[in-house]
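Chain and residue survey
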Amino acid sequence: MKLLEGKVALVTGAARGIGKAVALKFAAQGAAIAFTDLVIDDNAKATESEIAALGVKCKGYASNAADFGDTARVVEQIAADFGRIDILVNNAGITRDGLMMRMTEQQWDMVIGVNLKSAFNFIHALTPVMLKQRAGSIINMSSVVGVHGNAGQSNYSASKAGMIGLAKSIAQELGPRGIRANAIAPGFIMTEMTDALSDEVKADWAKRIPLRRGGTPEDVANVALFLASDLSSYVSGQVLQVLVGFSKIRLGLSKGRGGLQSFRQARMATVAPERGHWQVCEKTTAGSNRQN
Ligand SMILES: NC(=O)c1ccc[n+]([C@@H]2O[C@H](COP(=O)([O-])OP(=O)(O)OC[C@H]3O[C@@H](n4cnc5c(N)ncnc54)[C@H](O)[C@@H]3O)[C@@H](O)[C@H]2O)c1
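The sections below set out a description of the structure shown in this document. (Residues numbered from 1 in each chain as written. Predicted model: local features only at pLDDT ≥ 70, side-chain atom pairs only at ≥ 80, totals over all residues.)

**Topic: the nonpolar core**
The biggest cluster of nonpolar side chains holds 73 residues, and the ones touching the most others in it are Ala 9, Val 22, Ala 23, Phe 26, Ala 31, Ile 33 and Ala 224. Considering every element that reaches this core, the biggest residue donor is helix α4 (residues 105-133), with nine residues. Ignoring anything within four residues of it in the chain, the contact list for Ala 224 reads Val 22, Lys 25, Val 89, Ile 139 and Ile 184. (Core = buried A, V, L, I, M, F, W, Y, C linked by C-beta atoms within 7 Å. Buried ≥ 20, exposed ≤ 12 C-beta atoms within 10 Å, placed from the backbone. Helix = DSSP H or I, 4+ residues; strand = E, 2+ residues; numbered from the N terminus. Contact = placed C-beta atoms within 7 Å.)

Listed below in C-alpha cells is the structure:
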C-alpha cells in the first residue's frame, strides 16, 4: 500500500522547482494531483504529463495564488473535478530582494501577496472542504530565513515568518476537526530560484554546509511526504527545517530584481544562531549571498 493511496493533493506553484518535486513525490505514493501555476504553458503541460505518467490523475490549473477571487474559483473547480482535497501544499513563492531603505512598496506588497496572502487564500477556500471531510494536512512552504531573518530580504523573511504563524494558528484552530497544519523551512535548495546566484556564492554556501552540498527539491519533497501522510498523524503546528545545521550562517544580499546591482560594497551579515544575535560587518563582494 502506497503512503498516499486514495488521497488528493493540491500543490500551488508546481509547474517547476520544489512544487513540482513535491507533486511527483506524492504521485509516486499514489496521490491524485491538482496543481496550480500562473500559466499552464508548455512547461506546465510537460509537468502534468510527467506526473500522470506515474499512473495517477493529474491536472494543472492556471491561477494567481495571490488573488482571493481567483483562488476561490480554482479550489471550487478542483473540488468538483477531483471530488475531495486531502492535502494542500502552499508552495507558490517569489523573491524581490532589497535593502529596507531602497525597498519599494510594490516589492513589499508583491512578496507578501504571493508568498503569504496566497496561503490565506487557499486555506480559506479549502477550510469548508476539509471540515466536511473532518481530515486534511496543510503544509506551508516557509524558509529558514522566516526563522532567522536575513538582511536584504525583509519582505521575503516577513512573508516566510508569516507562513509559520499561519500554520501554527491553523493547527490550533482546526486541530479539533482533524486537520493538521505544519510548515517546512528549507535552507539553500538548488532550483531555478537559486540558479541566479553566482557559482562563487554557491560554492561558498556548500563550504558552510556540513554535508558540503545544497539541498535538492527532492530533499524537501521527502519531508513534505512525511507531513502529508499518516506517518505524521500526531505532528501538527510544527516547523521542520530542511537544512543541514550550520555552525555559523552567513547571510547576505542578492543582486536580483531588488536593485542591489549598484551596491559594490554590499553589507554582509553574519549570524551566530546558537547565540541568537546578529553581527553585521562591511565586506566588498562582487557576488551575492541570498538565502531562500
Ligand atoms: N529554492 C530555495 O532555496 C528555497 C528555500 C526556501 C524556501 N523556498 C520556497 O519554496 C517555494 C518554491 O521555491 P522554488 O525554489 O521551487 O521556486 P521556483 O521559482 O523555481 O518556483 C516557484 C513556482 O511558483 C510559481 N508562482 C510564482 N508566483 C505565483 C503566483 N502568484 N501564483 C501561482 N504560482 C506562482 C512560479 O511560476 C513557479 O512555477 C517558494 O515558496 C520558495 O520561497 C525555496
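That covers the picture; the talk isn't over yet.
**Let's talk about the environment of Ala 46**
Tracing the backbone shows Ala 46 in helix α2 (residues 42-52). Exposure remark for Ala 46: the 14 C-beta atoms within 10 Å place this residue in the partly exposed category. Separated by 31 residues in sequence, Ala 46 and Ala 15 place their C-alpha atoms 8.5 Å apart.

**A closer look at helix α3 (residues 68-82)**
In this model, α3 (15 residues) spans 21 Å end to end at C-alpha, consistent with the 21 Å of a helix rising 1.5 Å per residue. Against β1 (8-11), β2 (32-37), β3 (58-62) and α4 lie the buried residues of α3. (Expected span 1.5 Å × (residues − 1).)

**Things to note about the packing of helix α1 (residues 17-28) against helix α9 (residues 217-228)**
For the pair α1 and α9, interaxial distance at closest approach is 8 Å and the crossing angle is 50°. The angle between α1 and α9 falls in the class oblique. Seen from above, α1 lies across α9 with right-handed handedness. Facing α1, whose interface residues are Gly 17, Ile 18, Ala 21, Val 22, Lys 25 and Phe 26, α9 presents Pro 217, Glu 218, Val 220, Ala 221, Asn 222, Ala 224, Leu 225 and Ala 228. Residues belonging to the contact of α1 with α9 are distributed by class as follows: ten nonpolar, two polar and two charged. (Axes fitted to C-alpha atoms, helices over the stretch in contact; angles between N-to-C directions. Parallel < 35°, antiparallel > 145°, perpendicular 65-115°, else oblique. Left-handed = near helix turned anticlockwise from the far one by under 90°. Nonpolar A, V, L, I, M, F, W, Y, C, P; charged D, E, K, R; others polar.)

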